[in-house]
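Fold and contact review
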Amino acid sequence: MKILDRYILTSYLKTFFSVFIILMFIFVLQTIWLYIGELAGKDLDTEIIFKFLLYFSPKLIPLVLPLTILLTSIMTFGNFAENYEFAAMKSSGISLQRAMRGLTIFIFLVSLTAFFFANNVIPAAEFKSINLRKNIAKLKPAMAITEGIFNEVGNINIKVEDKSGDNGQYLSDVIIHKKGPRSGNFTVMKANKGELAGSTDSDILSLILKDGNYYDEIQPNDPGKRRDKPYAKSYFEEYTINIDLSEWNDVDMEDETYRNTQGMLKISELRQSIDSFSTAYNKQVESFKTNMYSRTGMTTIGLNYEPADTTTAEIGDSVLDLYSTQQAAQIAGFATGSVEAALSHLNLKKNELKANSKQLNKFEIALHEKYALAVACFVLFFVGAPLGAIIRKGGMGLPMVVAILLFLTYHFIGIFAKNSAEDGSLSPFIATWLSTFIMLPLGIFLTYRATTDQGLFVIGNFFEPIKRLLKKAGITKAKDKTE
């Protein structure tokens, strides 16, 4: 390795590792901030909290690594340009491409490492972190209560609008569906406030509800009386529900049985899952088509109704004219009922197929993300390096602002595109690669501008065509006057 390549690579690596550690520390702090409400005050061991952060950290690499490469490239090449080191290189006949050659090889190796990391380490960390969170949720029921959705805790389904308190024990706008020996949600309670109370040594968790209503739909043994829909309701100022947690507290924190997430899978497993999901989805659609056609009754109508002889019968505007009045009325009633049943079934099946399609799209997005991370590292290097040479400013000031703006643009485009792809409004392939494809021409443009010693934007270039047109118009007028 030549002295110049060693010098450039050493300067880049010093900045690279410094920026990576700082950004990783910032994102880990953000993780702690996001989950502090679930971890603090839950009597968890330090080892479990450390494991939680350790398992969650690899998932931050797809955010930290591209931003690190972009910021480091801008800072390093900005320092070279600001200190006139590039000018010295160019005076010695060394071009920008030659100066970037050693770093290009390094970034290529980083991209390969990122691909290996995304395919092996991140799925393993995702598997560990999700299973650990589920085990913690079983051990500490307060963690299992997520705001805004129904959560199963013991023998109840509970939904809360908001949690507060040091341990999340204070609840507001509580709705409870209480389970019983009968199947169905017949007992509903609604309270303005609630509180979780209990001891770590006890297997009983007390849920204290305040200022609420109790509704119980009574199910008589006599089916005839059920049509009257009898019920009982009452108002309470305070109502206590005791939940048995004896089975919950016997939790193995090393249990790793949950595997149903696309982030846990490698490329080979994702491809296999996509194939199996696609096959099952297509079979489901074909079965649905057949089922919907059989629901119309067209396959059996000839067995129950005999049409008149078409050679002698007078055919009107409707096919029902082929049948007698009684049969036509029966067919019309049957058709109306079939349509209503088909519409109801169609709405249910529509939601089911939409959920399956969304899950399939998530698998495809997860597959392309592993490749996109490696390519994005390479592309962002060719955005940051020439940009740093153009702006000629090092340090943490302007380069940091420019890098964050570019990265936020790249990141938000990716987020919006992936959300659209999950709903099926955009192809998963296009959604995953869209932000990288947008940055690619920008990298080519900046590399060309930096290689040809041009600024980022030359204002004169915008007005030059206008000046030419004005000058040409002036010459034309002068010629007309001469003639």
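Keep in mind it's a predicted model, so treat the numbers as computed, not measured.

A closer look at the overall build of the protein chain
Across its full length, the protein chain holds 13 helices and 7 strands. In the protein chain, buried positions account for 36% of the 483 residues. Contacts in the protein chain between residues far apart in sequence, at least 24 positions, make up 69% of those at least 6 positions apart. Accessible area of the protein chain: about 28,600 Å², with a carbon and sulfur share of 59%.

A closer look at the packing of helix α3 (residues 61–82) against helix α11 (residues 398–422)
Remark: α3 packs on α11, axes separated minimally by 9 Å, with the N-to-C direction vectors making an angle of 145 degrees. As α3 packs across α11, the resulting crossing turns out to be right-handed. On α11, the residues that touch Leu63, Pro66, Leu67, Leu70, Leu71, Ile74 and Met75 of α3 are Pro399, Met400, Val402, Ala403, Leu406, Phe407 and His411. Split into classes, the residues belonging to the contact of α3 with α11 amount to 13 nonpolar, 1 polar and no charged.

Overview of unusual backbone geometry
Phi at Asp173 takes a positive value of approximately 50 degrees, unusual for a residue other than glycine. For Asp211, which is not glycine, the phi torsion reads 55 degrees and is therefore positive. You can call Asp211 partly exposed: its relative accessible area is 34%.

With respect to the environment of Val379
Along the polypeptide, Val379 turns up in helix α10 (residues 325–391). Distance from Val379 to Ile107, taken between C-alpha atoms, is 9.7 Å for residues 272 residues apart in sequence.

A word on helix α12 (residues 428–451)
The terminal C-alpha atoms of α12, which comprises 24 residues, lie 35 Å apart, in line with the 34 Å expected from a rise of 1.5 Å per residue. Within α12, the axis deviates most sharply at Leu434, by approximately 50 degrees. Along α12, the residues classified as buried are Pro428, Ala431, Thr432, Trp433, Ser435, Thr436, Met439, Gly443, Leu446, Thr447, Arg449 and Ala450. Immediately downstream of α12, the backbone of Asp453 shows phi near 55 degrees, a positive value.

Brief notes about the packing of α11 against α12
Two numbers describe how α11 lies on α12: the axes approach to 7 Å, and their chain directions differ by 160 degrees. Considered as vectors, α11 and α12 are oriented roughly antiparallel to each other. Both α11 and α12 take part in a crossing whose hand is right-handed. Contact residues: Leu406, Tyr410, Ile413, Gly414, Ala417, Lys418 and Ala421 in α11; Pro428, Ala431, Thr432, Leu434, Ser435, Thr436, Ile438, Met439 and Leu442 in α12.

Some remarks on a negative patch on the surface
On the surface, a cluster of negative charge is contributed by Glu147, Glu161, Asp162 and Asp173. Structurally, the position occupied by Glu161 is in the loop between β2 (156–159) and β3 (162–164). A residue is classified by how much of its surface remains accessible, and Glu161, at 49% relative accessible area, is partly exposed.

Things to note about the nonpolar core
Tyr12, Leu65, Ile69, Leu70, Phe77, Phe86 and Phe381 are the most contacted members of the largest nonpolar core, which has 59 residues in total. Those elements that place two or more of their residues in this core are α1 (3–39), α2 (46–56), α3, α4 (85–91), α5 (96–139), α10, α11 and α12. A total of 12 residues in this core trace back to one element, the largest contributor, which is α3. With near-sequence residues (within four places) excluded, Phe77 lies in contact with Phe86, Leu96, Met100, Leu103, Phe381, Ala385, Gly388 and Ala389. Judged by nonpolar contacts, the second largest core, of 18 residues, contains Ile156, Val160, Val174 and Ile241.

A closer look at the UniProt feature "transmembrane region" (unreviewed entry) in the protein chain
Following the UniProt record, one finds the feature "transmembrane region" (unreviewed entry) at residues 12–36, 60–81, 102–122, 371–391, 398–417 and 429–448. End C-alpha to end C-alpha, residues 371–391 measures 31 Å, and it is 100% helix and 0% strand. Annotated as residues 398–417, this span is 100% helix and 0% strand, and its ends, taken at the C-alpha atoms, are 29 Å apart.

Some details on α3
The terminal C-alpha atoms of α3 lie 30 Å apart, and with 22 residues this matches the ideal 32 Å at 1.5 Å per residue to within 8%. The buried count for α3 comes to 18 of 22 residues, which makes it a mostly enclosed element.

Thoughts on the packing of aromatic side chains
All chains considered together, the criterion is met by 19 aromatic pairs. Ring centres 5.3 Å apart and planes at 55 degrees place the aromatic pair Phe378 and Phe382 in the tilted group. One end of the pair is Phe378 and the other is Phe382, both in helix α10 and 4 residues apart, which spans about a single turn. A relative accessible area of 27% means that Phe378 is categorised as partly exposed. Among the residues examined, Phe382 registers a relative accessible area of 22% and is labelled partly exposed. Among the aromatic side chains, those forming a connected cluster through ring pairs are Tyr7, Tyr12, Phe16, Phe17, Phe20, Phe77, Phe80, Phe106, Phe378, Phe381 and Phe382.

Observations concerning the pairing of strand β4 (residues 170–178)
As paired strands, β2 and β4 are joined by 4 bridges and run antiparallel to one another. Opposite Asn157, over in β4, you have His177 as the bridge partner. Here 3 bridges tie β3 to β4, and the two strands are oriented antiparallel to one another. Its bridge partner lying in β4, Lys163 is registered against Leu171.

So, a nonpolar patch on the surface
A cluster of nonpolar residues, Ile22, Phe25, Ile26, Leu29 and Ile32, forms a patch on the protein surface that exposes about 450 Å² of accessible area. For Ile22, a relative accessible area of 45% puts it in the partly exposed group.

What to know about the side chain of Thr15
With respect to the helices, strands and loops of the structure, Thr15 is situated in helix α1. Excluding anything up to four places from it in sequence, Thr15 contacts Thr72, Met75 and Thr76.

What counts, and where the lines are drawn
Residues numbered from 1 in each chain as written. Predicted model: local features only at pLDDT ≥ 70, side-chain atom pairs only at ≥ 80, totals over all residues. Heavy atoms only, no water. Helix = DSSP H or I, 4+ residues; strand = E, 2+ residues; numbered from the N terminus. Buried < 20%, exposed > 50% of the residue type's maximum accessible area, 1.4 Å probe, protein only. Contact = heavy atoms within 4.5 Å. Areas by Shrake-Rupley, 256 points an atom, 1.4 Å probe, with all protein chains shown as cover. Axes fitted to C-alpha atoms, helices over the stretch in contact; angles between N-to-C directions. Left-handed = near helix turned anticlockwise from the far one by under 90°. Nonpolar A, V, L, I, M, F, W, Y, C, P; charged D, E, K, R; others polar. Expected span 1.5 Å × (residues − 1). Bend = angle between axes of the 7 residues up to and from the residue. Parallel < 35°, antiparallel > 145°, perpendicular 65-115°, else oblique. Patch = residues over 30% accessible without salt bridge, like charges linked within 9 Å, V, L, I, M, F, W, Y side chains within 5 Å. Salt bridge = Lys/Arg side-chain N within 4 Å of Asp/Glu carboxyl O. Lys, Arg positive; Asp, Glu negative; His and termini not counted. Charge placed at Lys NZ, Arg CZ, Asp CG, Glu CD. Core = buried A, V, L, I, M, F, W, Y, C linked by side-chain atoms within 4.5 Å. UniProt positions renumbered as here; feature names shortened; annotations may be inferred. Phe/Tyr/Trp six-rings, centres within 6.5 Å; stacked < 30°, edge-to-face > 60°. Pairing = 2+ DSSP bridges.

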